[in-house]
Amino acid sequence: VLDLTDGPSVPDAGRFFTIGSCFARNITQFLVASGRQAETYELAEDLNSPISNAFLLDILRRPDAERREILAHWLRRLFPGITDVDVEGVTSMKLASIDDLGARLARADCVVMTLGNVVDFFRDDTADTQPLMEKVFPKFIALAAENDLGPNANAASRLKKQGASLRLASHQETREAIGACVAGIRSVTTAPIVITLSPVPVDSVLGLSGTLKSAIEVDCVSKARLRSALDEVTPELRAVHGPIHYYPSFEIVR
């Protein structure tokens, strides 16, 4: 079950960095308890999907001016009444957070990325053939900015008013998201990447569009889509980005 001969090469005093779903925090806690150096990138639970992480990590690999332009654009779209002063302030805070993420990734000797689920907010006014980054609504901005701007209306309602629908990513969108996450990580580090599918189940599907009726069904489809998309895209990612390993957390637990 476990590939102990071709896993990542990490020094005994090597530093691990975990990112992705809430499961990343569990892995960090285990590594620290085992005497390893490890830290995680803390995200609000509502931000934890490879779709939202793809948006964040895609920004990470872009030039500073382009980062600022993207963040300012989405702040103005999602918060129509926002002042120029607040746009500048929140954008600067987000940029500092992105810079910190890049620095922490760069220090790692091994990066562990967990995949949680494919439930996210998507634009209704885009075609299936458009790139993922043009279809997804950036929860990294919409949800996190709530705290930076003070009390605001519910973020999910805000997104829906802007034409977003809550649904599962398609198989192709999931492939794109995983690829964007890996490309973003690779833009700042050559350390080996370990990808693992979180066994933590989806526990709420309130407001989800589509034919699936329960969290149990959504969880099954979501995990299956992630696992099969990852299996397909991994050879391509290895060819472009170097060492990428898989650890079967989901399979072991389920």
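Scroll up to find the structure.
Every residue gets a number counted from 1 within its own chain, in the order that chain's sequence is written. Local features in this predicted model are restricted to residues whose pLDDT is 70 or higher, and side-chain atom pairs enter the listing and the counts only when it is 80 or higher, whereas totals over whole chains, interfaces and linings include all residues. Hydrogens and waters are ignored; side-chain quantities use all the structure's heavy atoms.

Colleague: What am I meant to see in the packing of helix α3 (residues 64-78) against helix α4 (residues 84-107) here?
Modeller: Axis angle and axis distance: for two packed helices, these are the angle between their axes and the distance between the axes, and together they describe the pair. For helices, the fitted axis covers only the stretch in contact; all axes are lines through C-alpha atoms, and the angles between them, taken along N-to-C directions, range from 0 to 180 degrees. For helices the rule is a DSSP run of H or I covering at least 4 residues; for strands it is a run of E covering at least 2, with both sets numbered from the N terminus onward. Relative to each other, α3 and α4 sit at 130°, their axes nearing to 9 Å. Comparing their axes, α4 and α3 come out oblique. Here α3 and α4 pass one another in a crossing that is right-handed. Contacts from Arg67, Arg68, Leu71, Ala72, Leu75 and Arg76 of α3 reach α4 at Asp84, Val87, Glu88, Val90, Thr91, Ser92, Lys94, Leu95, Ile98 and Asp99. When residue character is reported, Ala, Val, Leu, Ile, Met, Phe, Trp, Tyr, Cys and Pro are called nonpolar, Asp, Glu, Lys and Arg charged, and the others, Gly included, polar. Looking at the contact of α3 with α4, its residues break down into 7 nonpolar, 2 polar and 7 charged. These descriptions rest on fixed angle ranges, namely under 35 degrees for roughly parallel, over 145 for roughly antiparallel, 65 to 115 for roughly perpendicular, and the rest for oblique. Helix crossings fall into two classes, left-handed where the near helix is turned counterclockwise from the far one by less than a right angle and right-handed where it is turned clockwise. Contacts are assigned to residue pairs that have any heavy atoms within 4.5 Å of one another.

Colleague: Please clarify how the sheet that holds strand β1 (residues 15-19) should be interpreted in this entry.
Modeller: Strand pairing in a sheet takes place through backbone hydrogen bonds and is either antiparallel or parallel in direction. A pair of strands is treated as paired once DSSP finds two or more bridges between them. Reading across from one edge, β2-β1-β3-β6-β7 is the order of the 5 strands in this open sheet, with parallel pairing throughout. Only two strands of the sheet have a single neighbouring strand rather than two, namely β2 (37-40) and β7 (244-247). This sheet shows a mean twist of 25° between the axes of neighbouring strands, independent of strand direction. Where β1 and strand β3 (residues 110-115) come together, 4 bridges link them in parallel fashion. Bridge pairing in β3 places Thr18 opposite Val112. The sheet strands contacting helix α1 (residues 23-33) are β1, β2, β3 and β6 (193-197), and the helix crosses β2 at an angle near 160°. Sheet strands in contact with helix α8 (residues 171-186) are β1, β3, β6 and β7, and its direction is about 160° off that of β3.

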